[in-house]
Amino acid sequence: MDYYFCMRAFARVVEHGSFARAADSLEISRPTATTAVAQLEKRLGARLLHRTTRRLRLTDDGRTFYERCVRILGDIAETEDLLSSARTSPRGLLRVSTPHSFVHLIFFSTLPRFLARYPDLTVEVALTDRAVNLVEEGIDCAVRGVEIPGDSTLVARQVTSVRLVTCASPDYLAARGTPQSVADLERHNCVRFISPSTGRTVDWRFQKGEERIAFTPRGNLGVTSLEAAAAAALNGIGIAQVPDALVILPQWAGGLRPILRDWVALAPPLKVVYPSNRYLTAKVRAFADFVSEIFPETGWEPEINARSGARSTPAPKTRRPTRRE
């Protein structure tokens, strides 16, 4: 078999975690995919995969070869893009992972336009609020609204800032009172958002002018979905901090009352991420451009990604609230 074909087959097997799924994506038979990997191992004189009845796992040699293999395949694909219409006309299958709130707020309402613009593209959307492993789960890119670790193997393209609103139901505020300062939140039941990637309660961050405050919410309910946090607040469980676009959805309009309006609630910017060992394919580039394009329509202000060289102002020092506030 052609060495280039064997490399493609091996990379797909690793990314899909299955010979059968890799074969389907390449439109070849499973025995052909198996033979391609076996020929690579024979030529290299090294085992690339540990095979069991339940899963495939890269050997140390396999991981090293895979990383180089992906770079080579990426260079070839990038060159083909530059010399063909694929650069401006993405095609094939695009698998995207997105949070539930992103899809419900804006994506599905604008998706028809994206599909009409790229008729040769097929989109599969995996809805989850957890941070998926893009390579292992065969995802091309993901929309994320959480901080990306500095040592992450992901490349992140910032597409928009996200505005949060601190809110509660009128019934809750009537029974417990309305907080007048960030420190007042200490005396309230707060609906905690639990990061799906870390399992920890996410701090609420506030800004007024140059002053920033980080507050760790406390309460008897934690959720891993911002929609769930909004629903909990709507039903009087406590105070929540959610995207402002959720508060104005028809099913919740008028049911949630914003509080602490003098303070801006800060959130990590929304990003489109993809594995760093893959180059930015035409279809991922088109998707990231589209997400950047649609967010101004919601009133959320897009920001330029620091990777593009844009300058940003230093953030004011963040402090914790004191009970005297």
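Residues numbered from 1 in each chain as written. Predicted model: local features only at pLDDT ≥ 70, side-chain atom pairs only at ≥ 80, totals over all residues. Heavy atoms only, no water.

Trainee: Explain the packing of helix H1 (residues 3–16) against helix H2 (residues 19–26) to me, and be specific about the residues and the numbers.
Mentor: With their axes 8 Å apart at the nearest point, H1 and H2 run at an angle of 125° to one another. As judged from the angle between their axes, H1 and H2 are oblique. The handedness of the crossing between H1 and H2 is right-handed. Of H2, the residues touching H1 (which contributes Arg 8, Ala 9, Arg 12, Val 13 and His 16) are Phe 19, Arg 21, Ala 22, Ser 25 and Leu 26. (Axes fitted to C-alpha atoms, helices over the stretch in contact; angles between N-to-C directions. Helix = DSSP H or I, 4+ residues; strand = E, 2+ residues; numbered from the N terminus. Parallel < 35°, antiparallel > 145°, perpendicular 65-115°, else oblique. Left-handed = near helix turned anticlockwise from the far one by under 90°. Contact = heavy atoms within 4.5 Å.)

Trainee: Give a description of the nonpolar core that names residues and reports values.
Mentor: By size, the foremost hydrophobic cluster in this structure holds 26 residues, and its most contacted members are Leu 94, Phe 102, Phe 114, Cys 141, Val 272 and Phe 287. Secondary structure elements with two or more residues in this core: strand S3 (92–98), helix H5 (100–117), strand S5 (141–144), strand S6 (154–160), strand S15 (270–275) and helix H9 (282–294). With seven residues, H9 is the single largest residue contributor to this core. For Phe 114, the contacting residues outside a window of four places in its chain are Leu 94, Leu 121, Val 123, Ala 286, Phe 287 and Phe 290. In this structure, Phe 19, Leu 49, Leu 73 and Val 135 belong to the second largest nonpolar core, which totals 25 residues. (Core = buried A, V, L, I, M, F, W, Y, C linked by side-chain atoms within 4.5 Å. Buried < 20%, exposed > 50% of the residue type's maximum accessible area, 1.4 Å probe, protein only.)

Trainee: Pulling in residues and values, what's your account of the packing of aromatic side chains?
Mentor: Between two aromatic rings, the relevant description is the distance of the centres plus the angle of the planes. Evaluated as defined, the whole model comprises six aromatic pairs. On the basis of an interplanar angle of 85° and a centroid distance of 6.1 Å, the ring pair of Phe 114 and Phe 287 is categorised as edge-to-face. With Phe 114 in helix H5 and Phe 287 in helix H9, this residue pair connects regions lying 173 residues apart in the sequence. Here the two residues Phe 114 and Phe 287 agree in accessibility, since each one is buried. Note on Trp 204 and Phe 215: the rings are 6.1 Å apart at their centroids and 50° apart in plane angle, and the pair reads as tilted. Remark: Phe 215 occurs in strand S10 (residues 211–215) and Trp 204 occurs in strand S9 (residues 204–208); sequence separation between them is eleven residues. The pair formed by Trp 204 and Phe 215 is uniform in burial state, with each residue classed as buried. Chaining the aromatic ring pairs together yields one cluster made of Phe 114, Tyr 118, Phe 287 and Phe 290. (Phe/Tyr/Trp six-rings, centres within 6.5 Å; stacked < 30°, edge-to-face > 60°.)

Trainee: How would you summarise helix H7 (residues 226–234) if you had to cite specific residues and measurements?
Mentor: Here H7 has its buried residues at Glu 227, Ala 229, Ala 230, Ala 232 and Ala 233. Immediately downstream of H7, the backbone of Gly 236 shows phi near 80°, a positive value.

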